[in-house]
Amino acid sequence: MTTPSSRACAGMAVLLLPLLSGCTAGTAGPGESPGPTAARRLADSKTLTLPLDDYLLTTNDAGTLARGRDSLMQRCLTGLGAPYTPKALGNTDIETNERRYGLADAELAKEHGYHVPDMDKRAEDYPSSVMPLVRGEVTTYNGVPVPQGGCIGEVQRELHEVELQDALNLPHKLNMESYAKSQKAPAVVKATGEWSNCMKESGHAYPDPLAAINDKEFGAATPGPHEKEVALADVLCKQKVNLIGVWSDAESEYQRFLIKSNSGALAGPLLAKQKTMSAAKAAIGQ
């Protein structure tokens, strides 16, 4: 893991948020993909959980890890005689699977179109006076030895972050695979076609939700009236045909299949996540 040059880099979590509109599939898992099941009604995906979430860092996990990182950084800098308390990290309020199947919130669509609100929030940089200690550019400070790799190196070791990053490779691969496979499930293909027909009735021609949210016309810095109109129609059509319920059920079934097929290999990533999260919680007194 490279040495960061700012708190934004030092605080970068290894969260693998599944905003997969631009991701490609991994290799197919063993066996055949599972068949469809009766879909639950699901109007949005803000509280949606998927089986592989247990093996990845959720939005909540990433927040806990960031707070643990800050707490350990403060302890390290204070121990070197350079106390510094960073401001709280910004929060985009995007839940783990909230946009996995595209936009699903009508109120956000009306106000922001496909744009994600509050993306301009950034973690505060450490001041230049402490950056040599953060990055380990000096070996001693006030006669006190600086940890190898600086305070960020010490923090990463205490949180086992390098090991976690490596361990998450398999769950991340399976997470992308399940998304791509479920997209082709017969029930999802059918619901997507119904969504596309609904959009045409609203005056907007798109083959699927990813084509809508990735429309180059909506690449401006701020959303325009047309983008908001399309985004709202998108959400309402998803609700009408229960696309989120159908898709999430199909993906959940395939994820359970992948977890069962890779149970031995996934034991390590699960343990690595638990180890890191326990250390982060201990750092903030939980």
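Provided above is the structure to which this section pertains.
This write-up is about the structure you can find in this document. (Residues numbered from 1 in each chain as written. Predicted model: local features only at pLDDT ≥ 70, side-chain atom pairs only at ≥ 80, totals over all residues. Heavy atoms only, no water.)

## Some words on the state of the cysteines
The condition is simple: In this description, a disulfide is simply a cysteine sulfur pair whose atoms lie within 2.5 Å. Helix and strand assignments follow DSSP, with helices taken as H or I runs no shorter than four residues and strands as E runs no shorter than two, numbered in order from the N terminus. Think of it in three bands: residues with accessible area under 20% of the maximum for their type are buried, residues over 50% are exposed, and the middle band is partly exposed, with areas taken using a 1.4 Å probe on protein chains only.
A complete count under the given rule lists 2 disulfides for this structure. Residue C76 pairs covalently with C151 via a disulfide, S to S 2.1 Å. When the S-S torsion is -80°, as for the bridge of C76 with C151, the disulfide is left-handed. Of this pair, C76 sits in helix α2 (residues 59–79) while C151 sits in helix α5 (residues 150–159), placing them 75 residues apart in sequence. Residue pairing for C198: its cysteine sulfur links by disulfide to C237, the two sulfurs lying 2.1 Å apart. The disulfide joining C198 to C237 has a torsion of about -80° about its S-S bond and is therefore left-handed. With C198 in helix α8 (residues 186–201) and C237 in helix α10 (residues 225–241), the pair connects residues that are 39 residues apart, well separated along the chain. Residue classification places C198 among the buried positions, given a relative accessible area of 9%.

## Remarks on the pattern of salt bridges
As a reminder of what qualifies: A pairing counts as a salt bridge when a side-chain nitrogen of Lys or Arg comes within 4 Å of a carboxyl oxygen of Asp or Glu.
Counted according to the given criterion, the structure contains 11 salt bridges. For K110, the salt bridge identified is with E107, shortest N-O distance 3.4 Å. Of this pair, K110 and E107 are both found in helix α3 (residues 106–112), 3 residues apart, which corresponds to roughly one turn of the helix. Among the residues examined, K110 registers a relative accessible area of 46% and is labelled partly exposed. For K190, the salt bridge identified is with E194, shortest N-O distance 2.7 Å. Here E194 and K190 lie together in helix α8, a separation of 4 residues that amounts to about one turn. The exposure class assigned to K190 is exposed, which follows from its relative accessible area of 55%. Since its relative accessible area comes to 31%, E194 is described here as partly exposed.

## Details of unusual backbone geometry
Even without glycine at this site, N142 takes up a positive phi of about 55°. Looking at the secondary structure, you find N142 in the loop between β1 (140–141) and β2 (144–145). Judged by relative accessible area, N142 falls into the exposed class, the value being 58%. Phi at N242 takes a positive value of approximately 60°, unusual for a residue other than glycine. Mapping N242 onto the fold places it in the loop between α10 and α11 (243–261).

## With respect to the environment of F218
So the rule is basically this: Contacts: residue pairs with any heavy atoms within 4.5 Å of one another.
Within the element layout of this structure, F218 appears in the loop between α9 (209–213) and α10. Looking at F218, the relative accessible area reads 8%, which means it is buried. Linking F218 and Y114, residues 104 residues apart in sequence, is a C-alpha distance of 7.6 Å. Residues within four places of F218 in sequence aside, it is in contact with Y114, H115, Y206, A212, H226, E227 and V230.

## What to know about the environment of P86
On the secondary structure map, P86 appears in the loop between α2 and α3. In this structure P86 comes out as buried when scored by relative accessible area, which is 11%. Between the alpha carbons of P86 and Y126 there is a distance of 7.4 Å; along the sequence they are 40 residues apart.

## Notes on the packing of helix α7 (residues 169–183) against α11
Defined as follows: Fitted lines through C-alpha atoms serve as axes, helices being fitted only where they are in contact, and the angles separating the N-to-C directions of these axes extend from 0 to 180 degrees. Orientation labels follow simple angle bins: below 35 degrees gives roughly parallel, above 145 gives roughly antiparallel, 65 to 115 gives roughly perpendicular, and whatever is left gives oblique. Put simply, a crossing is left-handed when the front helix is turned counterclockwise from the back one by less than a right angle, and right-handed when it is turned clockwise. In the scheme used here, Gly and all other residues not listed as nonpolar or charged are polar, with Ala, Val, Leu, Ile, Met, Phe, Trp, Tyr, Cys and Pro taken as nonpolar and Asp, Glu, Lys and Arg as charged.
The interhelical angle for the contact between α7 and α11, taken along N-to-C directions, is 130°, at an axis separation of 9 Å. Here α11 runs oblique to α7, going by the angle between their axes. As for the relative orientation of α7 and α11, their crossing is right-handed in sense. Across the interface between the two elements, L174, N175, E177, S178, Y179, K181, S182 and Q183 from α7 touch W247, A250, E251, Y254, Q255 and L258 from α11. Here the contact of α7 with α11 is built from residues that sort into 6 nonpolar, 5 polar and 3 charged.

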